[in-house]
Each structure stands twice: as C-alpha cells, then as structure tokens.
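# Close look at the chain arrangement
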Amino acid sequence: MAFDAHTPIYVQIADDLRRRIATGDLKEGDQLMSTTQYSKEYRINPATAQKAFQLLVAEELVEKRRGIGMFVAADARATVRAQLNATFEDDVLKPALIQAKELGFSAQDIADLAALLWKEGK
C-alpha cells in the first residue's frame, strides 16, 4: 500500500481495510495483522496502525480479542457496504457523470462504457 501525502496514514489504513472487507478480501472472522506487523511492513509508527484499528472498532467493523488480536466482526461486510453505498452516488457517481457531460460524453457513451467494464469484469 502506498500512502498519499494529503490524508493521514491511519485514515488510509482504515479506508484500505474497509475496502478489503467490502470486497470480501477480508472475511468475517479473519484476523488482521498486528500493529507491530503493520509498523514493520509499512514502516509506520505502531500507534498509527492502532489508531486505524480504533476507528474500525468504534464502527464495529473490527473486534479486539484480548490476548489474541484484531478480527473482522460479524456483519462487517454488510455494514461497510451499506456505508459505502450511502456515499457512492453523491461522492463518486454524480460528480463523474457531471464531468463526463461537461466533456461532451453522451448518455449512450456512458452506458456503452459501463457495459464494456461490466463485461470485462472491471
């Protein structure tokens, strides 16, 4: 994972974990890397990883099992997908369609592109 300079690293870690939960890459009951593993792999302070985990615990997407580690919580995928779906239209889709229209794309161009992407599995 490459970090950008504009968003705090702990937010980027939490966002990456949310995405991985939403896509099923991390399944309910899966154990997350420890803060020590995160700090070594990504060369960050362990407290930064801990802060990301705390966000996800507060959202009930991750649960801490004392002495064992952090695990993806039950129903985490449904919860995170509902969160992402709630903001996707306003934050991503509408601005993209407005820009496409401004650039001269037709509704048919957008529909054709969407059909192509679905067909390719992207």
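Heads up: the structure comes first, above all this text.
Report follows, based on the coordinates.

Cut-off values and rules
- Residues numbered from 1 in each chain as written.
- Predicted model: local features only at pLDDT ≥ 70, side-chain atom pairs only at ≥ 80, totals over all residues.
- Heavy atoms only, no water.
- Phe/Tyr/Trp six-rings, centres within 6.5 Å; stacked < 30°, edge-to-face > 60°.
- Helix = DSSP H or I, 4+ residues; strand = E, 2+ residues; numbered from the N terminus.
- Buried < 20%, exposed > 50% of the residue type's maximum accessible area, 1.4 Å probe, protein only.
- Lys NZ or Arg CZ within 6 Å of the ring centre and 35° of its normal.
- Patch = residues over 30% accessible without salt bridge, like charges linked within 9 Å, V, L, I, M, F, W, Y side chains within 5 Å.
- Areas by Shrake-Rupley, 256 points an atom, 1.4 Å probe, with all protein chains shown as cover.
- Salt bridge = Lys/Arg side-chain N within 4 Å of Asp/Glu carboxyl O.

### Here we look at the packing of aromatic side chains
Using the criterion set out here, one finds three aromatic pairs in the structure. Both rings, one in F3 and one in Y42, keep their centres 5.8 Å apart while their planes meet at 70°; by these two values the pair is edge-to-face. Residue F3 is located in the segment before α1 (9-23), and its partner Y42 is located in helix α2 (residues 35-42); the two are separated by 39 residues in the primary sequence. When its relative accessible area of 19% is taken as the criterion, Y42 is described as buried. Here Y38 and F53 contribute two aromatic rings whose centre-to-centre distance is 5.5 Å and whose plane-to-plane angle is 80°, an arrangement assigned as edge-to-face. Of this pair, Y38 sits in helix α2 while F53 sits in helix α3 (residues 46-58), placing them 15 residues apart in sequence. You'll find Y38 and F53 in the same group, each marked buried. Among the aromatic residues, those joined into a ring-pair cluster are F3, Y38, Y42 and F53. Of note, K51 hangs over the ring of Y10, and the distance from its end group to the ring centre comes to 4.3 Å.

### Observations concerning a nonpolar patch on the surface
A grouping of F88, V92, L93 and L97 is seen on the molecular surface, where their side chains present a nonpolar patch of about 330 Å² in accessible area. Counting through the fold element by element, V92 comes out in helix α4 (residues 76-102).

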